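# Fold and contact review
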Amino acid sequence: PQGRRHLAFHKFLVGSTDPSDGHAADTICTFVYDLTGVRRLETDLDLTQDLLQRLLVHSPVGMVAIEYDRIDRPLYWSPNTERLLGYGPEEQPITAEWILERTHPDDVSLVTEFQERLTEERPLPHRCNFRFRRADGEFRALRVSTEPLIDDGVATGVVAFWMRSEEHTSE
C-alpha cells in the first residue's frame, strides 16, 4: 500500500475438496498475514531490552529480585551485583543464612534485625548498611535497600538494591 514494503506471511492450502460444500473440486486457498506491525514491535522490544541491559551493566547499583515461593533461586541477578559482592547467581542461593554467614561479626545483629523486619513487614521498603565479606575475603561496606515485588496487590517477593556505602546502620 502507498508504495511501502510490508512483511507478510503467505499460507497456501491445496485440496481436492471444495470447503464450502464438501464436493470434489480442485481448490487453492491462500491466506496473507501482514506482519509489518509485529516486526516493528519485535524490533522495538529488542532495542528496549538492549538499552535496559546496558543500563544494568553500567549501573553502580546491583539488583537482586527474589520471589518468596522460590527463595533458593534469584529471579534476577544484575551483572553489577556480581562485581559488588564477588558472587554470581549460580554460585549460591541468596538466603538470609547465606547473607549472615558473610556479614561482618560486628554487624550480625543489625542484619538479623533488618531481615526480621523484611520478613514481618513484606509490603514495606527497608534499608540497612553493613559490612559484607566478598568472595575474595575482603569486607565491603554496603547499603541494601529493598522494595517489595507486588502482584495483584500482594507482596510476592522482594527486589534488593545493593550499593557501596561508607556507613553501616539500619533504618
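Structure report, in brief. All of these numbers come straight from a predicted model, not from anything done at the bench.

## Focus: the overall build of the protein chain
Helix and strand content of the protein chain: four helices and seven strands. Listed N to C, the secondary structure of the protein chain is β-β-α-β-β-α-α-α-β-β-β in terms of helices and strands. In the protein chain, of all internal contacts separated by at least 6 residues, the share reaching a separation of at least 24 is 44%. If you sum the accessible surface of the protein chain, you get close to 11300 Å²; carbon and sulfur atoms cover 55% of it.

## Structural notes on the packing of aromatic side chains
Evaluated as defined, the whole model comprises six aromatic pairs. A centroid spacing of 6.3 Å and a plane angle of 85 degrees characterise the contact between Tyr87 and Phe132, whose relative ring orientation is edge-to-face. With Tyr87 in the loop between helix H2 (79-85) and helix H3 (96-101) and Phe132 in strand S5 (residues 126-133), this pair connects stretches of sequence that are 45 residues apart. Per residue, the accessibility class of Tyr87 equals that of Phe132, and both read buried. Seen from their ring centres, Phe130 and Trp162 are 6.4 Å apart, and the 65 degrees between their planes marks the pair as edge-to-face. Here the residue Phe130 occupies a position in strand S5, and Trp162 occupies one in strand S7 (residues 154-164), the gap between them amounting to 32 residues. Here a set of aromatic residues connected by ring pairs shows up, and it is made of Tyr87, Trp98, Phe130, Phe132 and Trp162.

## Overview of the nonpolar core
As a rule of thumb, soluble globular proteins bury nonpolar side chains together. If you look at the biggest cluster of nonpolar residues, it comprises 23 residues, and the most contacted ones within it are Leu85, Ile94, Ile99, Phe130, Phe132 and Trp162. Of all the elements in the fold, those that place two or more residues in this core are strand S3 (62-67), H2, H3, helix H4 (108-120), S5, strand S6 (139-151) and S7.

## Topic: the environment of Ile99
Looking at the secondary structure, you find Ile99 in helix H3. Ile99 gets classed as buried once you look at its relative accessible area, which sits at 13%. Along the chain, Ile99 and Arg133 lie 34 residues apart, while their C-alpha atoms are 9.1 Å from each other. Excluding residues within four positions of it along the chain, Ile99 makes contact with Ile94, Val111, Gln115, Phe130, Phe132 and Trp162.

How each quantity is defined
Residues numbered from 1 in each chain as written. Predicted model: local features only at pLDDT ≥ 70, side-chain atom pairs only at ≥ 80, totals over all residues. Heavy atoms only, no water. Helix = DSSP H or I, 4+ residues; strand = E, 2+ residues; numbered from the N terminus. Contact = heavy atoms within 4.5 Å. Areas by Shrake-Rupley, 256 points an atom, 1.4 Å probe, with all protein chains shown as cover. Phe/Tyr/Trp six-rings, centres within 6.5 Å; stacked < 30°, edge-to-face > 60°. Buried < 20%, exposed > 50% of the residue type's maximum accessible area, 1.4 Å probe, protein only. Core = buried A, V, L, I, M, F, W, Y, C linked by side-chain atoms within 4.5 Å.

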